[in-house]
Amino acid sequence: MSDIYRDNIYRNPDQPTTEFVFDRQVARVFSDMIHRSVPGYSTVINMIGVLAGEYVQSGSVCYDLGCSLGASSLALAQGITAKECRIVAVDNSPEMLEQAGRQTSQLALSTPIEWLCADVLDVQIGNASMVVLNFTLQFIPPHARLQLLTNIRKGLRPQGLLVLSEKITFQDPGQDRLQIEMHHAFKRANGYNDLEISRKRSALEKVLIPETLETHRTRLAEAGFGRTDLWFQCFNFVSLVARP
Ligand SMILES: C[S@@+](CC[C@H](N)C(=O)[O-])C[C@H]1O[C@@H](n2cnc3c(N)ncnc32)[C@H](O)[C@@H]1O
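What counts, and where the lines are drawn
Residues numbered from 1 in each chain as written. Predicted model: local features only at pLDDT ≥ 70, side-chain atom pairs only at ≥ 80, totals over all residues. Near = placed C-beta within 6 Å. Nonpolar A, V, L, I, M, F, W, Y, C, P; charged D, E, K, R; others polar. Axes fitted to C-alpha atoms, helices over the stretch in contact; angles between N-to-C directions. Helix = DSSP H or I, 4+ residues; strand = E, 2+ residues; numbered from the N terminus. Parallel < 35°, antiparallel > 145°, perpendicular 65-115°, else oblique. Left-handed = near helix turned anticlockwise from the far one by under 90°. Contact = placed C-beta atoms within 7 Å. Expected span 1.5 Å × (residues − 1). Bend = angle between axes of the 7 residues up to and from the residue. Buried ≥ 20, exposed ≤ 12 C-beta atoms within 10 Å, placed from the backbone. Pairing = 2+ DSSP bridges. Right-handed = clockwise from strand over helix to strand, strands pointing away.

Engineer: Can you help me understand the site of the ligand in this one?
Structural biologist: Near the ligand there are 20 residues, and of these Phe22, Gly66, Asn92, Ser93 and Asn134 occur at the shortest range. Grouping the constituent residues of the shell around the ligand by class yields eleven nonpolar, seven polar and two charged.

Engineer: Please clarify how the packing of helix 5 (residues 142-155) against helix 8 (residues 213-222) should be interpreted in this entry.
Structural biologist: The relative placement of two packed helices is expressed as an angle between their axes plus a distance between the axes. Axis separation between helix 5 and helix 8 bottoms out at 9 Å; the angle between their running directions is 50 degrees. In terms of their interaxial angle, helix 5 and helix 8 are classed as oblique. Pair helix 5 / helix 8 crosses with right-handed handedness. Contact residues: Arg145, Leu146 and Leu149 in helix 5; Arg219, Leu220 and Glu222 in helix 8. Within the contact of helix 5 with helix 8, the residues separate by chemical class into three nonpolar, no polar and three charged.

Engineer: Which parts of the structure should I look at to understand helix 6 (residues 173-189)?
Structural biologist: Each α-helix turn comprises 3.6 residues. Residues three or four places apart therefore point the same way. In this model helix 6 runs 24 Å from its N-terminal to its C-terminal C-alpha over 17 residues, within 8% of the 24 Å that 1.5 Å per residue would give. In the segment just after helix 6, glycine 191 is the residue with positive phi, at about 95 degrees.

Engineer: Looking at this structure, I do not really get helix 1 (residues 24-37). What am I missing?
Structural biologist: For helix 1, with 14 residues, the first-to-last C-alpha span of 19 Å sits near the 20 Å given by 1.5 Å per residue. Along its length, helix 1 reaches its greatest deviation from straightness, about 65 degrees, at phenylalanine 30. Of all the residues in helix 1, the buried ones are Ala27, Phe30, Ser31 and Met33. In this fold, the buried residues of helix 1 make contact with helix 4 (94-104).

Engineer: Explain the pairing of strand 3 (residues 113-117) to me, please; I cannot follow it from the model alone.
Structural biologist: Along any regular strand the residues' side chains alternate between the sheet's two faces. Across five bridges, the pairing between strand 2 (residues 86-91) and strand 3 is parallel. The partner of alanine 89 across the bridge, within strand 3, is tryptophan 115. Running through helix 4, the crossover from strand 2 to the neighbouring parallel element strand 3 is right-handed.

Engineer: I'm lost on the environment of arginine 36 in this one. Help?
Structural biologist: Along the chain, the position of arginine 36 falls in helix 1. Spatially, the C-alpha atoms of arginine 36 and asparagine 190 are 5.6 Å apart, while their sequence positions differ by 154 residues. Leaving out residues up to four positions away in the same chain, arginine 36 has contacts with Asp7, Lys187, Asn190, Gly191 and Tyr192.

What follows is the structure, given as structure tokens:
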């Protein structure tokens, strides 16, 4: 991936803080933004590639739902060893997809990526051996989350795998405060100042709705997943694998 621009979106205190959207301005700096904001992001992306090598089955489809610039799609494409697979990468931000397509068009991938501009809630999942929701479910209205997970579960092959990565909250207020403090320390260490951190937090408040790990586990079970395992956590960011 090239075209890395520094995220300074919330640096200027004179600009009004408006609700966060995945528009052209965000797409342009997104790679820098997510690496400096999500602890363990590179590890999660790398492991999606490792899991693809292990779990993707021949002749199946992989879905990257909320693909942004395609980091997970690319990890899937590079990790898959099974034959005759394809990857469907979905996002409803045309600006994200435009850049994703441009940045990957020159790459020779043995598993092709199809870019689809659509709402993930409208996508028909079928014949899937691996589905990735990498920090996307948190942006879906909570009332629609069960429907999305049920749709994914129905479209997964019996040995299939869902990777679900999310920012989470904690029921215990002390633990929640501590995890947020540590996350903010991570952001400061990556060059964001306190004002930027606070303005981004306000912009995301009504857009990114995190939930507890327990809520995720309960909903996954309700959607028909037989087991869910936590494989990664850094502060208030986790990644789970769920299987039918
Ligand atoms: C935090 S980013 C995901 C990061 C990406 N999965 C990665 O690993 O780099 C969330 C993405 O989900 C997309 N998104 C949010 N709601 C969506 C929806 N209802 N349908 C499709 N895409 C959606 C946004 O446009 C954004 O690109």
